[in-house]
Every structure is written in C-alpha cells, then in structure tokens.
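Summary of the model geometry
These are the residues of each chain, in order.
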Amino acid sequence: MLKPLPSKEPLYLKILDAFSSLYEKNGVDYDQLRLIVKTKIMMDGREPNPIVQSGKNKEDKNSFFSSLILYFIISAFMIVILFFGDSLILQYTFYFSYLFVMLLSTMIASFSSILLDTKDQILIGTKPVTGQTLSAAKATHIFVYLFSLTVALGGPVTIASYFVHGLIAGLLVTLLTIIFSFWTLLFTLVIYAAILKRFNGEKLRNIIAYSQIGLSIFTILGYQLIGRIFDIVDVSIVYQPEFWHIPLFPLWFAAPLGLLQEGANTYYVLYTLLFVVATVLFFFYYKKNSAQLEQNIQKLTDQNESIKEHNWWMNRTKNVLCLTKTERPYYQFTWKIIQNEREFKTRVYPSLAASFIIPFIFIFNSFSSGMTLSDIRENSFPYSVYITLFMIPQLASSLHYSSSYKGAWIFRMSPQSDDGLFVRAAGKAVWMRLIVPFYAVLGGLLLFLFGWDDLSVILNGFLATTVIFFAYLKATMKTYPFSQKFTAADSTNEFVMIILLFLFAGLLGLINFFTRSFIPLGSWLMTLILAVSALYYLFKTYKSSLFKQT
C-alpha cells in the first residue's frame, strides 16, 4: 500500500499536540479540533475572490504571520520602559497596559467578526461534531493568531527582561505574558457568551455593537488611568496603592513581579489573587457555556428585524454628490451595506469610538494637571483633532470586505459596470454617512470648548481626513468594494499605515500651527487648499476599467 507523502506540520500544530490531553479532558474531540483549526488557518492564507478566478491563490502564504516582524521591530522601542526607575511594578504595569490595548483592540476590531461567525454551525455543526468541540476549535483558531501577535508585541521586552532583571524575572515575565494572551481571549469570550445567552434578535445585535464600542472606550480610558496611578516623589516614580486601582487589569499581572522585588505586600497579593481567580473563573464559565455558545451565535441570524429603507438624507445627498445616474445606484448600494451589515459595523464602529474620545482624553489630562480652558487652547490642544486620522485605514479597508462577498460577481457581469464610479461612490457614501457626522459632532464639541477662533483648525482636520481617505482608498482598492471575505490573516494589514498616519497627523498639526502663527490668515489659506483638494477627490474621474480581470 502506498504511504502518503510526508508533509511538514506547522509549528502551531506541534504546540497544540502537546496540549491534546488537556483538550480531551475537557470534553473536546482533539482530532476533530486539530483538523478544523488546520483547515481554517490554511484557508486564511487564501484570498478568495469571486470575480478574479486566476487560480493563483497561495495556500501556504499567510500575510498575518509575515507581518509580525513589523510588530516586533516597533515593539522593540518598548524596551525603554525597563529603564524607568527601579520599580518592577511600574515597568511591567506599562508593559501589560501596552499588551492590553493592542491585544484587546485587535480582538474587538479584527477577530470579533470571526468569533461571531454564524457559518461554522451551518457547515460543521451538521456533522458529528459537538458544540463544545466546534466552540473550542473557533477559540483555538483565534488564539493561534492572538498568541503569535503576543509573541511579536511582547517578545522584545520579555527577552530584554532576562538581561536587565535576571533569569527568574525573565521566566516570570514569559509565563505572565503567555497567560495574559490567554486571559485576553477568555475575557472577550466570556463577555460575548454572557451577552449571547441573555439577549435575542435585533436587541442582541445592538448590544453586541454597543459592547464593542464600550470595550474600545474602556481600553483607551484604562490605558490613560494607568499613567495616573504613579506619583513622582523626589525625582523617583513610585506606586502608592489605592482601592480604585483594583479594576486595572494590567496591575494584576505586574503584581507578581512586585512581590518578587519588594516581598509580601497586601495589595500585590490581592492583585495576584485577582488575576489567578479571574482567570480560573473565566475558564470555567467558558467551559460551562462553550457547548451552548455556537447555538447562541445563531441568534444573530434571526431575520425578525426590519431592514432600514431609503431615507431622506441618503436620497438628498445622493443627488448632490453623484453627478450621473450610473453613480447613484453604487452610492445607494454602499449606503445600505454600511447601514445594515453587522460585520461592517463590528470592524468600523470601535475604531470610530476610539478616534472620537482621544482628543477629549488629552483635554481631560490637561484639566487634571491644573490647566484652564484658555491654557489648553494656548498650548495648541485644538490641533489634537488631527489625531483622528488614524481611523482612515480601518474605514477604507472595511470597504473591501463583506459577509456576502460571493455576490460581487454581478458587478463583473453587468454590461453597465463602471469600476471607477463604484469606488468613488463607495467612498462618498462612507464619507457622508460616517466621516461627516463624526466631525460634525466632534467639531461642535471642540468649538463649544475652545470657541470659534479655532474653526479653521477643526475644518482643516476634517478636510485633511477627507483628502487622505479618498487618496488611500484609491491607492488600496484593487478589486470591487465588498468583494472579499475577511479572514484572520487580514487583521494586521493596516498596522503600518496607522503608525504612519500618527506621525503624519503630528506633521499636519505642526504645519497648521506654523501657518497660523506666522502667516496672516495662514490657517484659512490651508483650509482653502485642503477644500480644493477635497473637492478634487470627491469629483475626480476614475478609469471605468479600474480593476484587472483575468
């Protein structure tokens, strides 16, 4: 009998094999789980496109893993926290706060749509696979990516810990980092399991969306609070424990290092117990509800909600922004997708929420340091509006994906299809439905705080976002909007661009500051230039055959 050709097993499968008995003891069929996880990750490496069928899908290439080197390089700058004073509790609280923000924001923005995918139950649930095995396979699938991301983000600090603080501290940081990655997954699973168990139908979909927005805000605010729990005493940064610090999760994971350095301390022991107890409780809650979790996810498919029909604002803006009858259906189609598709909202709304609160966090921190509104304005805080540029990659990339991506073939088959008009109309719909209201509310609040003198600065932030959004969309849209399936491999695609936009936001703020300070009406001149550029991108002509077809 012919033996099958030996194949090289991926590293993640070899690591999973070492924990096979743990899966089996918890009622999971490990062989089935292994096959499901292997197949899912293999499929993530492919880029299914219902329009371009060239047979060039690369099964063994997964962009997620190849992009981790960038995370590692950027995270290497975090090594400097190991030289912030002599306190380990200080250094590693900032380290775990960094991990907390990066991992939880990735879970919310990128992996939630995969975790809440309803198709697994339809495709796999009809086979002799238990709900517990299917739920564990889905969680393991995400954890492979989440743990790989943790290694890239935490690797530099963890490795440096061995050299800076010694072997024992290094081993402890390694163990805590691994547990923290697992804890982040459990934390998200427990929240979703509790929500799915309690709610149904349209209310469930709304609660899921609100919880994701709430988690995004909680993540940003939690990171800000971490910096406020340390005091400067005699040029040294010290930690003074207080009761309100208890909910700050990163402290829980840094506490064992505090015990290692300072010995027994009531608060450090309490934090350590909280981290251990919370992890155990999360695990057993998930274990108890995992079998039911997949069935509860099917509640998201209930069709008892009413699809929102055309509204006056869409019809009015469609007629103003779209110059031809051909462009208007594309605009209306995109509007309806972003209005009704849950997966789109899952990816975009948390990013919008985070972008919205960041300028106000800067303002709040200034108030806390004793500054007045006039002091804040004099210190150029209105220019913080430019920081919202970092939401652009998430907005633009989300136009690539849809849960109904297979229906995109109709655009290729249509004799009236116009690639350029579709991309332009899709950008206009996102701009009018999301970006314009976002800046109307944000700008209104900033004007209320700082006065009308800063109107040009706020307008410049809005116009700069418009220009960069359309330029970025044009540069990155290589196929029809909503024609691709979102996979875990796509979750890191925007990372580099987000970092660059943070730097570019600072540069634009500086340009606006200097033009306003040294050129008469300089800020308004910048407004005029950006307005002309925005109108150019809103109404420029794209090629009708923008995408290559084979």
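Parameters and conventions
- Residues numbered from 1 in each chain as written.
- Predicted model: local features only at pLDDT ≥ 70, side-chain atom pairs only at ≥ 80, totals over all residues.
- Heavy atoms only, no water.
- pLDDT = per-residue confidence, 0-100.
- Helix = DSSP H or I, 4+ residues; strand = E, 2+ residues; numbered from the N terminus.
- Contact = heavy atoms within 4.5 Å.
- Buried < 20%, exposed > 50% of the residue type's maximum accessible area, 1.4 Å probe, protein only.
- Patch = residues over 30% accessible without salt bridge, like charges linked within 9 Å, V, L, I, M, F, W, Y side chains within 5 Å.
- Areas by Shrake-Rupley, 256 points an atom, 1.4 Å probe, with all protein chains shown as cover.
- Salt bridge = Lys/Arg side-chain N within 4 Å of Asp/Glu carboxyl O.
- Axes fitted to C-alpha atoms, helices over the stretch in contact; angles between N-to-C directions.
- Parallel < 35°, antiparallel > 145°, perpendicular 65-115°, else oblique.
- Left-handed = near helix turned anticlockwise from the far one by under 90°.
- Core = buried A, V, L, I, M, F, W, Y, C linked by side-chain atoms within 4.5 Å.

With that out of the way, let us pick up the confidence of the model for the protein. Keep in mind that low pLDDT regions are not for reading the predicted coordinates in detail. The pLDDT averaged across the protein works out to 79; a share of 82% of its residues lies at or above 70. The least confident element of the protein, judged by mean pLDDT, is strand β1 (residues 230-233) at 53; the most confident is helix α21 (residues 522-539) at 91. Low pLDDT, under 50, characterises residues 1-6; the stretch is placed with 0 contacts to residues that sit more than four places away or in other chains. Note on residues 49-59: pLDDT under 50 across the span, and 25 contacts to partners over four residues away in sequence or across chains.

Position of L538 relative to the elements: it lies in helix α21. Given the relative accessible area of 5%, L538 is considered buried. Distance in space between the C-alpha atoms of L538 and A425 is 8.8 Å, their sequence separation being 113 residues. Setting aside chain neighbours within four positions, we find L538 in contact with R424, K428, W431 and F470.

Together, I69, L70, F72, I73, F83, I159, F163 and V164 make up a nonpolar patch on the protein surface, roughly 800 Å² of accessible area in all. Elements that contribute at least two residues to the nonpolar patch include exactly α4 (63-75) and α7 (131-165). At 4 residues, α4 tops the list of elements feeding residues into the nonpolar patch. Looking at where I69 falls in the secondary structure, it is placed in helix α4.

Further remarks concern the environment of Y383. Mapping Y383 onto the fold places it in the loop between α15 (373-378) and α16 (392-398). Looking at Y383, the relative accessible area reads 11%, which means it is buried. Sequence separation between Y383 and G509 is 126 residues, and the spatial gap between their C-alpha atoms is 5.6 Å.

Before going further, it helps to spend a moment on the packing of helix α1 (residues 11-18) against helix α3 (residues 30-44). Axis separation between α1 and α3 bottoms out at 11 Å; the angle between their running directions is 160°. Taken together, the axes of α1 and α3 are roughly antiparallel relative to one another. Two packed elements cross with a definite hand, and for α1 against α3 that hand is right-handed. Between α1 and α3, the residues in contact are Y12, L13, L16 and D17 and Y30, R34, V37, K38 and I41, respectively.

Turning our attention to the environment of E341. For E341, the position within the fold is in the loop between α13 (327-340) and α14 (342-368). E341 gets classed as buried once you look at its relative accessible area, which sits at 9%. As a C-alpha pair, E341 and S404 span 63 residues in sequence and 9.4 Å in three-dimensional space. When residues no more than four places from it in sequence are discounted, the contact partners of E341 are K336, R347, Y401, S402, S403 and S404.

This next bit is on the nonpolar core. Ranked by size, the top nonpolar core spans 85 residues in total, and within it Y92 and F96 carry the most contacts. Here this core takes 16 residues from helix α5 (residues 88-115), the largest share from any one element. The contact partners of Y92, leaving out residues within four places of it in the chain, are L82, V157, S161, H165, V173, A254 and L257. Core analysis: the second largest hydrophobic core is formed by 61 residues, M391, A429, L442 and F482 among them.

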